[in-house]
Amino acid sequence: MADTANHWTARLSVQGWCALAAVLAVAFFCINIQIPSKIFFDEVYYVPAARHLIDLSSPLNQEHPPLAKYLIALGIRMFGDNSFGWRLPSALFGGLALFGTLMFAWELYRSARICILTGILLIAGQMLVVQSRIAMLDVF
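Conventions and cut-offs
Position numbers for residues count from 1 along each chain, tracking the sequence in the order it is written. pLDDT decides what is reported in this predicted model: residues at 70 or higher carry local features, side-chain atom pairs at 80 or more are listed and counted, and totals for whole chains, interfaces and linings draw on all residues regardless. Note: side-chain values were computed over all heavy atoms of the structure, leaving out hydrogens and water. Disulfide: a pair of cysteine sulfur atoms within 2.5 Å of each other. Relative accessibility decides the category of a residue: with a 1.4 Å probe and only protein chains considered, values under 20% of the type maximum give buried, values over 50% give exposed, and everything between is partly exposed. A run of H or I in DSSP becomes a helix once it reaches four residues, and a run of E becomes a strand once it reaches two; helices and strands are each numbered from the N terminus. Contact between two residues is taken to exist if any of their heavy atoms lie within 4.5 Å; hydrogens are not considered. As a rule, the C-alpha atoms of each element are fitted with a line to give its axis, helices using only the stretch in contact, and angles between N-to-C directions run from 0 to 180 degrees. Note on terminology: angles under 35 degrees are roughly parallel, angles over 145 are roughly antiparallel, angles of 65 to 115 are roughly perpendicular, and the others are oblique. Crossings are assigned a handedness: left-handed for a near helix turned anticlockwise from the far helix by less than a right angle, right-handed for a clockwise turn. Just so you know the grouping, Ala, Val, Leu, Ile, Met, Phe, Trp, Tyr, Cys and Pro go in nonpolar, Asp, Glu, Lys and Arg go in charged, and all remaining residues, Gly too, go in polar.

*Asks:* Even after reading the chapter, I still don't get the state of the cysteines, so can you show me in this structure?
*Replies:* As used here, a disulfide is simply a covalent bond connecting the sulfur atoms of two cysteines. In this structure the tally under the stated criterion is 0 disulfides. Free of any disulfide, Cys 30 has its nearest cysteine sulfur in Cys 18, 20 Å distant. For Cys 30, a relative accessible area of 21% translates into the label partly exposed. Distance from the sulfur of Cys 115, which forms no disulfide, to the nearest cysteine sulfur (Cys 18) is 4.0 Å.

Now the structure itself:
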């Protein structure tokens, strides 16, 4: 019985630290997220598709799943049709991806060291950072 209580206490503690890491990651992803202020790279496909969803006109890029375009459209509706509005949902989901990965590492190994190392490698690898700072479908 005491072992089960210790397990849940440790899990709640780990969840709290992983959530803190995710919040800090979102803050990091949002630093100058509005730069450049114009559409670049593959945003040329997904931002106009999100605008079409807002206008309820014919959908663009039907070969791609619509959920991420809906989330980009939600960012545009909430924060404006600007680079911050396009990219903020990606930053939020990047933090959620970090949280999920850290919790997965914890559940797999039950080691705080491996959990911390996983987070460091995920951020240092730059893939999550890049995908969290651009309005594309990959981080969703």
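More follows now that the structure is in view.
*Asks:* How should the side chain of Arg 87 be read in this particular structure?
*Replies:* As for its placement among the helices and strands, Arg 87 is situated in helix 4 (residues 83-109). The class of Arg 87 is buried, set by a relative accessible area of 0%. If sequence neighbours within four positions are ignored, Arg 87 has contacts with Ile 33, Gln 34, Ile 35, Pro 36, Lys 38, Phe 40, Glu 43, Ser 132, Arg 133, Ile 134 and Ala 135.

*Asks:* I'm lost on the packing of helix 4 against helix 5 (residues 112-124) in this one. Help?
*Replies:* It is at 9 Å that the axes of helix 4 and helix 5 come closest, and there the two elements cross at 150°. For the element pair helix 4 / helix 5, the angle class is roughly antiparallel. Here helix 4 and helix 5 pass one another in a crossing that is right-handed. Between helix 4 and helix 5, the contacting residues are Leu 98, Thr 101, Leu 102, Ala 105, Trp 106 and Tyr 109 on the first element and Ala 112, Ile 114, Cys 115, Thr 118, Gly 119, Leu 122 and Ile 123 on the second. Among the residues forming the contact of helix 4 with helix 5, the class breakdown is 10 nonpolar, 3 polar and no charged.

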